[in-house]
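Residue-level listing of the chains:
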Amino acid sequence: MASEHVEADNAEAIIARIEHKSRKIESLLKQNKPVEALKTALEGSPPKTKDERCKSANWIVVHRAIMAIKDVESLFFALDPEYYDILMKYLYRGLSTGDRPTCDQCLRIHEKLTEKAGLGCILRSLADTVNTV
């Protein structure tokens, strides 16, 4: 029971950080900086918790940034390779929603990400069962 309480306190702290990140992302999007918004969304992702509220809150933030990307071609000129694997995980989460606009955008980015990062990126994102999004 004590560990559940610690996890709940930790979850509240994580959600507060995600809310702060969300405000920063909205500011970047208003400045027409979608790649910077995506980088910010992916930083510290996935949250180090099993709490689904945290994972869902973080997905909403990442989804907002993914959907704001208009120029998929130039995305990978500005996005550092360190973000590729985690982005792939979120693309699969987006595809799992079944939402048509989300799936279309995730597939566009997935195609370019696979060209840039290779099949290893797909395998790493699928094989990593510890850092779930």
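Preceding block: the structure.
Residues numbered from 1 in each chain as written. Predicted model: local features only at pLDDT ≥ 70, side-chain atom pairs only at ≥ 80, totals over all residues. Heavy atoms only, no water.

Draft legend 1. Molecular detail of the overall build of the chain. If you tally the helices and strands in the chain, you get seven helices and zero strands. In sequence order, the secondary structure elements of the chain are arranged as α-α-α-α-α-α-α. Relative to its length of 133 residues, the chain is compact, with a C-alpha radius of gyration of 15 Å against a globular reference of 14 Å. Principal axes of the C-alpha set define a box for the chain whose edges measure 50 × 35 × 30 Å. Looking at the 133 residues of the chain, the share that counts as buried comes to 44%. Within the chain, residue pairs in contact and separated by at least 24 positions form 71% of the contacts whose partners lie at least 6 positions apart. (Helix = DSSP H or I, 4+ residues; strand = E, 2+ residues; numbered from the N terminus. Rg over C-alpha atoms; globule rule 2.2 N^0.38 Å. Buried < 20%, exposed > 50% of the residue type's maximum accessible area, 1.4 Å probe, protein only. Contact = heavy atoms within 4.5 Å.)

Draft legend 2. Focus on the packing of aromatic side chains. Counted by the stated rule, this structure contains two aromatic pairs. With 6.2 Å between their ring centres and 5 degrees between their planes, W59 and Y90 make a pair best called stacked. Residue W59 is found in helix α3 (residues 52–68), and its partner Y90 is found in helix α5 (residues 84–96); the two are separated by 31 residues along the sequence. Both residues of the pair, W59 and Y90, count as buried. With a centroid separation of 5.7 Å and an interplanar angle of 80 degrees, the aromatic rings of F76 and Y84 are classed as edge-to-face. (Phe/Tyr/Trp six-rings, centres within 6.5 Å; stacked < 30°, edge-to-face > 60°.)

Draft legend 3. Quick look at the nonpolar core. Within the largest apolar cluster, 37 residues are counted, with the highest numbers of intra-cluster contacts made by I66 and L87. Ignoring sequence-local partners within four residues, the contact set of I66 consists of L38, W59, L87, Y90, L91, Q105 and I109. (Core = buried A, V, L, I, M, F, W, Y, C linked by side-chain atoms within 4.5 Å.)

Draft legend 4. Quick peek at the pattern of salt bridges. Summed over all chains, the structure comprises eight salt bridges. Across the pair K39 and E36 runs a salt bridge, and its minimum N-O distance is 3.5 Å. Of this pair, K39 and E36 are both found in helix α2 (residues 34–42), three residues apart, which corresponds to roughly one turn of the helix. In this structure K39 comes out as buried when scored by relative accessible area, which is 13%. What makes E36 partly exposed here is its relative accessible area of 37%. A salt bridge links R53 to D51; the shortest N-O distance between them is 2.9 Å. (Salt bridge = Lys/Arg side-chain N within 4 Å of Asp/Glu carboxyl O.)

Draft legend 5. Helix α7 (residues 119–127), seen in detail. Here α7 has its buried residues at C121, I122 and S125. Looking straight down α7, one finds its buried side chains confined to an arc of 100 degrees; they lie on one side. Facing away from the buried side of α7 by more than 90 degrees, the exposed set consists of L119, L123 and A127. Looking at the buried side of α7, the elements it contacts are α5 and α6 (100–117). (Arc of directions from axis to C-beta.)

Draft legend 6. Spatial organisation of the packing of α5 against α6. For the pair α5 and α6, interaxial distance at closest approach is 9 Å and the crossing angle is 150 degrees. Comparing the axis directions of α5 and α6 gives the class roughly antiparallel. As for the relative orientation of α5 and α6, their crossing is left-handed in sense. Between α5, through Y84, L87, M88, L91, Y92, G94 and L95, and α6, the contact on the second element is made entirely by T102, C103, C106, L107, I109, H110, L113, T114, K116 and A117. A class-by-class count of the residues in the contact of α5 with α6 yields twelve nonpolar, four polar and one charged. (Axes fitted to C-alpha atoms, helices over the stretch in contact; angles between N-to-C directions. Parallel < 35°, antiparallel > 145°, perpendicular 65-115°, else oblique. Left-handed = near helix turned anticlockwise from the far one by under 90°. Nonpolar A, V, L, I, M, F, W, Y, C, P; charged D, E, K, R; others polar.)

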